[in-house]
Amino acid sequence: MARKYDLISELYDRTCASVSENPLNWQGLLRTASYNFRLRFDEQLLLYAQRPDATAVLPIERWNGSFGRWVNRGAKGIAVFEDENRQRQRLTHYFDISDTHGSRYARPVPLWQMKLEYESDVAETLENTFGEADDNSTLESIIEGCVGNAVDDNIADYLADLQSLQEGSVAQSLLPDAARDIYTQLVKQSVAYMITVRLGLDTSRYSAESFMNIGYFNTPEMINAVGFATSDIAEMGLTEIARTINALEKQNRIIAAENHSDYNRNENNERSNDNGRNHLFDGGRLQSSEPENAGAAERESGQMGADEAVLSERPSQNPVLQSACLLYTSPSPRDTE
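Calculation rules
- Residues numbered from 1 in each chain as written.
- Predicted model: local features only at pLDDT ≥ 70, side-chain atom pairs only at ≥ 80, totals over all residues.
- Heavy atoms only, no water.
- 1 Å grid on protein atoms, 1.4 Å probe; cavity = no way out; pocket = protein on both sides within 12 Å on 5 of 7 lines; lining within 4 Å.
- Points joined across faces, edges and corners; volume = space filled by probe spheres on them.
- Helix = DSSP H or I, 4+ residues; strand = E, 2+ residues; numbered from the N terminus.
- Nonpolar A, V, L, I, M, F, W, Y, C, P; charged D, E, K, R; others polar.
- Expected span 1.5 Å × (residues − 1).
- Polar contact = N/O pair within 3.5 Å; in protein donor to acceptor, adjacent residues only side chain to side chain.
- Phe/Tyr/Trp six-rings, centres within 6.5 Å; stacked < 30°, edge-to-face > 60°.
- Lys NZ or Arg CZ within 6 Å of the ring centre and 35° of its normal.
- Buried < 20%, exposed > 50% of the residue type's maximum accessible area, 1.4 Å probe, protein only.
- Arc of directions from axis to C-beta.
- Contact = heavy atoms within 4.5 Å.

Can you explain empty space enclosed by the protein? Please cite residues and give values.
For the coordinates displayed, the defined rule picks out one cavity of 30 Å³ or more. The calculated volume of the largest cavity comes to roughly 40 Å³. What lines the largest cavity is simply Trp-26, Leu-30, Ala-33, Phe-41, Gln-44, Met-194, Gly-227, Thr-230 and Ser-231. Of all the elements in the fold, those that place two or more residues in the lining of the largest cavity are α2 (23-34), α3 (41-50) and α10 (220-281). Grouping the constituent residues of the lining of the largest cavity by class yields five nonpolar, four polar and no charged.

Okay, here's the thing in structure tokens:
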């Protein structure tokens, strides 16, 4: 176990170097993080290093107990640090939803997806949460403006220790004010990119050049300084968006169910009227030899009613679950070796 912990620690340091050396790698990390935004940044980075395409991850006992899904034979767990500060020097393991299959007791996994008709509600949620954007011409510009507000309101908590972490990094050569400005702007761009990606919107405004300044943060300590601020603030925004979309999805399901119920009532009434006419005018016909319900398909019941917002109530950056398109649940025991 100690040997594997050392290997994962080395992988972490190598990945920090990789994402600081190449802005495209930093963008790749942000893309993975956007679908797993409730993980801590150190977990997101290790997820990117091992399974960059993962969209919804949980420990094995959560897949089994909460969703009735079994991990596929031979699936390889995604190793992450059990605690942020690595004091216990232990690992836990996640499995992506693609590494699982449903049992006979499987329950739906709550995932959410942005739709065109949700844009105005999502924009309103962002502005209500973080303040109005100067440019509200598109949802992408609203995201950028609201993220700017959110970062300005919260960045002081992360800037406090920035100068003490700069030793040994390229940022050490910068004047303090310049380092703070570069850091703040990079966090803004990174958070906005994460939210834009997660909503499936146009990311063309974010080229590799948008993240060139990641090269100043070329030590694990400095990558963490950027990464944890980005991850924390992105989680704030995406959590509110998820609640809005889940509420809209629930409302749509209720409306659809009511419409379906009204349709069935109308159909039953029409059939009753038809039956009456048949008795009056079709008395000479032979009845069909098939029962009325012949060929009717069996329907499964028991879909999970709790929505993602209810499942997700827990402190920011809780190291237990992740969702991707995604999935939110409450803390659980960790899977450790």
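Next comes the rest of the description.
Residue-level account of α2, with values.
At 3.6 residues per turn, the α-helix brings residues three or four places apart onto the same side. Over its twelve residues, α2 extends 16 Å from the first C-alpha to the last, a length consistent with the 16 Å expected when each residue adds 1.5 Å. Measuring from the backbone nitrogen of Leu-24 back to the side-chain oxygen at the start of α2 gives 2.9 Å, which picks out Asn-22 as the cap.

Any details on the packing of aromatic side chains? Residues and values, ideally.
Two aromatic rings, taken as a pair, are described by how far apart their centres are and by the angle between their planes. Counting across every chain of the model gives nine aromatic pairs. For the pair Tyr-193 and Tyr-206, a centre-to-centre distance of 5.7 Å together with 75 degrees between the ring planes defines the contact as edge-to-face. Linking Tyr-193 in helix α9 (residues 176-198) with Tyr-206 in the loop between α9 and α10, this pair joins segments that are 13 residues apart in sequence. A cation sits over an aromatic face here: Arg-86 above Tyr-12, 4.7 Å from the ring centre. Above the ring of Trp-112, the side-chain terminus of Arg-198 is found at 3.6 Å from the ring centroid.

Explain helix α4 (residues 60-67) residue by residue, including any values.
Turning to α4, its buried residues number three or more, namely Arg-62, Trp-63 and Phe-67. Down the axis, α4 shows its buried residues gathered within 100 degrees of arc, on one side only. Buried residues along α4 sit in contact with β1 (57-58), β2 (69-71), β4 (91-96) and β5 (100-102). Of the residues trailing α4, Gly-68 is marked for its positive phi of about 60 degrees.

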